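Secondary and tertiary structure notes
If you want the building blocks of each chain, they are given just below.
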Amino acid sequence: MLKSLYHKNKTFTIGILGGGQLAKMLALAAYRLGLNVAIIEKEEQSPAGDMTKFDFPKGWANPEELQNFIKVSDLITLENEFIDPAIIEKIEEQRIVYPNSKTVRLVQDKFIQKTTFKNAGIPVPEFKSIEKYEDVVEFASKYSYPAVIKSRKFGYDGYGNATVFNEEEAKSAIQRFSLNEQRKDIYIESFVDFSKELAVMVVRNQTGEIAVYPCVETIQYRHICHSVIAPAEIDEKLRKKAMEIAISCVESINGVGIFGIELFLTKDKNILVNEIAPRPHNSGHYTIEACFTSQFENCLRAVCGLPLGSTNMITPAAVMINLLGTREGGGTPSSVINLLRHPKVHLHLYNKKSSRIGRKMGHITALGNSQTEAYNRAKSASDALEW
Ligand code: ADP
């Protein structure tokens, strides 16, 4: 039986661990559903913290701040997977957290994540943990170079990955990782010669009810997501396969909430899982305008024990393009006028305090009758933004 976690006759406050753009878009969906929002993040004026009087800018590492955040939150969710699961366990003594600490434990360490998927029979690239240099030699002799050495934790936008083509490069990558306290635990996986990268969003509630969004294509430049094409232009059979694999991933970690599953489509038409994110995901931003229910609303529905909304698209195609920082400096563009002259695009700016080269500062979504039409609309609008 679906148990709604809304209290009767009382405003319900959803606490979000993290205050970045994902929390901001979750908050926008929450307010529309009549929920209140509390944010904990270790900075003042975070994109989501700025939206609520329940803003706790000293972060969850501060026990008093965390307790104040817990006190005002009826239920807690997260916008990033980097929080220590031990802290989530502490919170769970007082409040329900979705996704829970067990799920985060299985996901946060990419080596444990891959092992969990492999044990569940889900296809992943070959991989091996690195305890000593000989592990790399053994792996390379079995699967050959190139290979990707990855930090087990705290990687994002490719920070924490090194593609290596030979022994020498592997050695120097390991040395670099070993100097970095946060990223010194590493593993190696085979380099996948993919034809496309795909992603599927899956939403699942406490009763195990599941809804799946269409399979999309994601395009990365320098390991950072540049654009998302919905739906992916691949065979119907492959789309279905990708969706089935994504569901298995979420079930294997008993996930409640929303999950982004990143996949590789290999040149011989196999699908391998790259990784899962236990939260709203960049590949699902297009759902705000292009689907009946956005990934953010469905995340809230799932964690609050409400019926899940339709994940169907309301348009034949949609394209999302990230607005990546092109300079160091303030987080606001110098002008959006030329961009907004494009009437058929949706602009999202995250209001980050500062911009860095490659940092996600906002995004644009365009709908269209075809992927090409939507792409051209989104591209010409994003080119018109002036930083
Ligand atoms: P992060 O967690 O930092 O986003 P990922 O491990 O998802 O990092 O990698 C980012 C990008 O790097 C992927 O989207 C893909 O383009 C590339 N990549 C990662 N792992 C592999 C691999 N094993 N083979 C080929 N490319 C990879």
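If you're wondering where the values come from, they're calculated on a predicted model, not measured in any experiment.

The next point concerns the packing of aromatic side chains. Applying the stated criterion across every chain yields a total of 7 aromatic pairs. Pairing F111 with F127 gives two aromatic rings, centres 5.6 Å apart and planes at 70°, and the pair type is edge-to-face. Here F111, found in helix α5 (residues 110-119), pairs with F127, found in strand β5 (residues 127-130); they are 16 residues apart in sequence, far enough to count as distant. Taken individually, F111 and F127 each receive the classification buried, so the pair is uniform in this respect. Connected via pairs of aromatic rings, a cluster forms that spans F111, F127 and Y187.

This brings us to the site of the ligand. Lining the immediate environment of the ligand, one finds 20 residues, of which K150, G158, E189, E197 and E275 sit closest. The contact in question runs from an oxygen atom of the ligand to an N or O atom on the side chain of N161, over 3.1 Å. Here a nitrogen atom of the ligand and a side-chain polar atom of E189 are 2.8 Å apart. Here the ligand loses 93% of its free accessible area of 550 Å² to cover by the protein chains. Put simply, the parts of the chain that give the shell around the ligand at least two residues each are β6 (147-151), β8 (186-190), β9 (194-204), β13 (257-266) and β14 (271-277). Of the residues belonging to the shell around the ligand, the class tally is 6 nonpolar, 7 polar and 7 charged.

Here we have 4 strands laid out as an open sheet, ordered β5-β8-β6-β7, and antiparallel in their pairing. Every other strand in the sheet has two partners, leaving β5 and β7 (161-164) as the edge strands with one partner each. Averaged over all neighbouring strand pairs, the angle between strand axes comes to 25°, with direction disregarded. Packing against the sheet, α5 makes contact with β5, β6, β7 and β8, and its axis sits at approximately 145° to β5. The sheet strands contacting helix α6 (residues 133-143) are β5, β6 and β8, and the helix crosses β5 at an angle near 165°.

A word on unusual backbone geometry. Between Y145 and P146 the backbone carries a cis peptide bond, its omega angle lying at -5°. Relative to the assigned elements, P146 resides in the loop between α6 and β6. Unusually for a residue other than glycine, R222 sits at a positive phi of about 50°. Residue placement: R222 occurs in the loop between β11 (216-221) and β12 (224-230). A residue is classified by how much of its surface remains accessible, and R222, at 79% relative accessible area, is exposed. The phi torsion at N254 lies on the positive side, around 50°, for a residue other than glycine. In this fold, N254 is placed in the loop between α8 (236-252) and β13.

Now for the pattern of salt bridges. In total, this model carries 17 salt bridges according to the counting rule given. Of the charged contacts in the structure, one is a salt bridge between R105 and E89, with a shortest N-O distance of 2.9 Å. On the criterion of sequence distance, the pair formed by R105 in helix α4 (residues 101-108) and E89 in helix α3 (residues 85-92) is long-range, its members being 16 residues apart. Classification of E89 as partly exposed rests on a relative accessible area of 34%. In the salt-bridge network here, residues are joined through shared partners; they are R32, E297 and R301.

Another point: the environment of I245. By the element assignment, I245 lies in helix α8. Sequence spacing of I245 and P123 is 122 residues, and the spatial spacing of their C-alpha atoms is 8.2 Å. Apart from residues no more than four positions distant in its own chain, I245 is found in contact with I122, P123, L263, I271 and V273.

Reading guide: rules and limits
- Each chain has its residues counted from 1, running along the sequence as written.
- Confidence filtering applies because this is a predicted model: local features only for residues at pLDDT of at least 70, side-chain atom pairs given and counted only at 80 or more, and all residues used for totals across whole chains, interfaces and linings.
- As a convention, hydrogens and water are excluded, and side-chain values are obtained from all of the structure's heavy atoms.
- We call Phe, Tyr and Trp rings a pair once their centres come within 6.5 Å, taking the six-membered ring for Trp, and we label the pair stacked below 30 degrees between planes, edge-to-face above 60, and tilted otherwise.
- Each helix is a run of DSSP H or I of at least 4 residues and each strand a run of E of at least 2, with the numbering of both proceeding from the N terminus.
- Only protein chains enter the accessibility calculation, which uses a 1.4 Å probe; a residue is then buried when its area is under 20% of its type maximum, exposed when over 50%, and partly exposed in between.
- When we say a residue is near a molecule or strand, we mean one of its heavy atoms is within 4 Å of it.
- Residues adjacent in sequence count toward polar contacts only when both atoms are side-chain atoms; beyond that, a polar contact is any pair of N or O atoms within 3.5 Å, and within protein one must be able to donate a hydrogen and the other to accept it.
- We get accessible surface area from the Shrake-Rupley algorithm with a probe of 1.4 Å; when it comes to residues, only the shown protein chains can shield them.
- Charged residues are taken to be Asp, Glu, Lys and Arg, nonpolar residues to be Ala, Val, Leu, Ile, Met, Phe, Trp, Tyr, Cys and Pro, and polar residues to be all remaining types, Gly included.
- A pair of strands counts as paired when DSSP detects no fewer than two bridges linking them.
- To define axes, lines are fitted to C-alpha atoms, for helices over the stretch in contact only, and angles between the resulting N-to-C directions are given on a 0 to 180 degree scale.
- It only takes one pair of heavy atoms within 4.5 Å for two residues to be counted as in contact.
- In what follows, salt bridge is the name for a side-chain nitrogen of Lys or Arg lying within 4 Å of a carboxyl oxygen of Asp or Glu.

Read these as geometric descriptors, not functional statements.
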